[in-house]
Amino acid sequence: MNPTARKNALVIEKVTGELFIKDLENEKAIHLNPTSAYVWEKCDGRLTTHEIANEMETELGMKVSETVVSMAIEKLLATNLLEPRIIKRVESRKPANISWAKTSSNRKKPKQKS
């Protein structure tokens, strides 16, 4: 996944690594801690979560888990600070081959004569 930060209709103020964002479109005020702020700023549509974690490691000089980046991205998605994901649907041209096996439970039982 290569997340892309949403930039339109936002008023952004950066204070000591934290971001205070006013979302004009959704009429919300959003606070991002330094980790989430860093991740959001790196979401350019080119970098994967793994690459963002690696860049964070390089800049901070300490191990950064990809899980930490993924959690920040989930927060960014929940607050509508990332562009919506576009899921490309691939349809097969080959028809599905589905067969139903008859089992003893769905077979018709013969009527008994009295």
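Anything mentioned here points back to the structure above.
Residues numbered from 1 in each chain as written. Predicted model: local features only at pLDDT ≥ 70, side-chain atom pairs only at ≥ 80, totals over all residues. Heavy atoms only, no water.

K.L.:
Mind showing me how you'd approach unusual backbone geometry here?
P.N.:
The general pattern is negative phi for most residues beyond glycine and trans for most peptide bonds. In the Ramachandran plot, T16 falls in the positive-phi region, its phi being about 45° despite a non-glycine side chain. With respect to the helices and strands, the residue T16 is situated in the loop between β1 (10-15) and β2 (18-23). Of the residues examined, T16 reaches a relative accessible area of 72% and is grouped as exposed. (Helix = DSSP H or I, 4+ residues; strand = E, 2+ residues; numbered from the N terminus. Buried < 20%, exposed > 50% of the residue type's maximum accessible area, 1.4 Å probe, protein only.)

K.L.:
What am I meant to see in helix α3 (residues 66-78) here?
P.N.:
Residues separated by three or four positions in an α-helix point in the same direction, a consequence of the helix having 3.6 residues per turn. Between the first and last C-alpha of α3 there are 18 Å, a value that for 13 residues agrees with the 18 Å anticipated at 1.5 Å per step. For α3, every residue scored as buried is listed here: V69, A72, I73 and L76. All buried residues of α3 lie within an arc of 100° about the axis, which places them on one face of the element. Exposed positions of α3 whose direction lies more than 90 degrees from the buried face are M71 and A78. Buried positions along α3 lie against β3 (28-32), α1 (34-42) and α2 (49-60). Measuring from the side-chain oxygen of the N-cap residue of α3 to the backbone nitrogen of T67 gives 2.9 Å; that N-cap residue is S65. Following α3 by one or two positions, N80 has its phi on the positive side, about 60°. (Expected span 1.5 Å × (residues − 1). Arc of directions from axis to C-beta. Contact = heavy atoms within 4.5 Å. Polar contact = N/O pair within 3.5 Å; in protein donor to acceptor, adjacent residues only side chain to side chain.)

K.L.:
Explain the nonpolar core here, please?
P.N.:
Here is a general trend for soluble globular proteins: nonpolar side chains tend to be buried in one another's company. Residues I21, L32, V39, W40, V69, L76 and L81 are the most contacted members of the largest nonpolar core, which totals 22 residues. Of all elements in the fold, only β2, β3, α1, α2 and α3 reach the threshold of two or more residues within this core. Residues within four places of V69 in sequence aside, it is in contact with V39, T49, I52, A53, M56 and V64. (Core = buried A, V, L, I, M, F, W, Y, C linked by side-chain atoms within 4.5 Å.)

K.L.:
It is not clear to me how the sheet that holds β2 should be interpreted in this structure. Could you clarify?
P.N.:
Note on sheets: strands pair through backbone hydrogen bonds, and any given pair is parallel or antiparallel. With antiparallel pairing, three strands are arranged side by side in an open sheet as β1-β2-β3. Two strands lie at the open edges of the sheet, namely β1 and β3, each paired on one side alone. Direction aside, the axes of adjacent strands within the sheet are offset by 15° on average. Bridge count between β2 and β3: five bridges; the pairing is antiparallel. Bridge pairing links I21 to I30 in β3. Against the sheet, α1 engages β1, β2 and β3, with an angle of about 65° to β2. (Pairing = 2+ DSSP bridges. Axes fitted to C-alpha atoms, helices over the stretch in contact; angles between N-to-C directions.)

K.L.:
Looking at this model, I keep getting lost on the pattern of salt bridges. Mind explaining?
P.N.:
If charged atoms from side chains of opposite charge come close, those side chains can pair. Taken as a whole and judged by the stated rule, the model has six salt bridges. With a shortest N-O distance of 2.8 Å, E55 and K42 are connected by a salt bridge. Here E55, found in helix α2, pairs with K42, found in helix α1; they are 13 residues apart in sequence, far enough to count as distant. For E55, a relative accessible area of 27% corresponds to the partly exposed category. Measuring nitrogen to oxygen at the nearest pair gives 3.5 Å for the salt bridge that ties K42 to E59. (Salt bridge = Lys/Arg side-chain N within 4 Å of Asp/Glu carboxyl O.)

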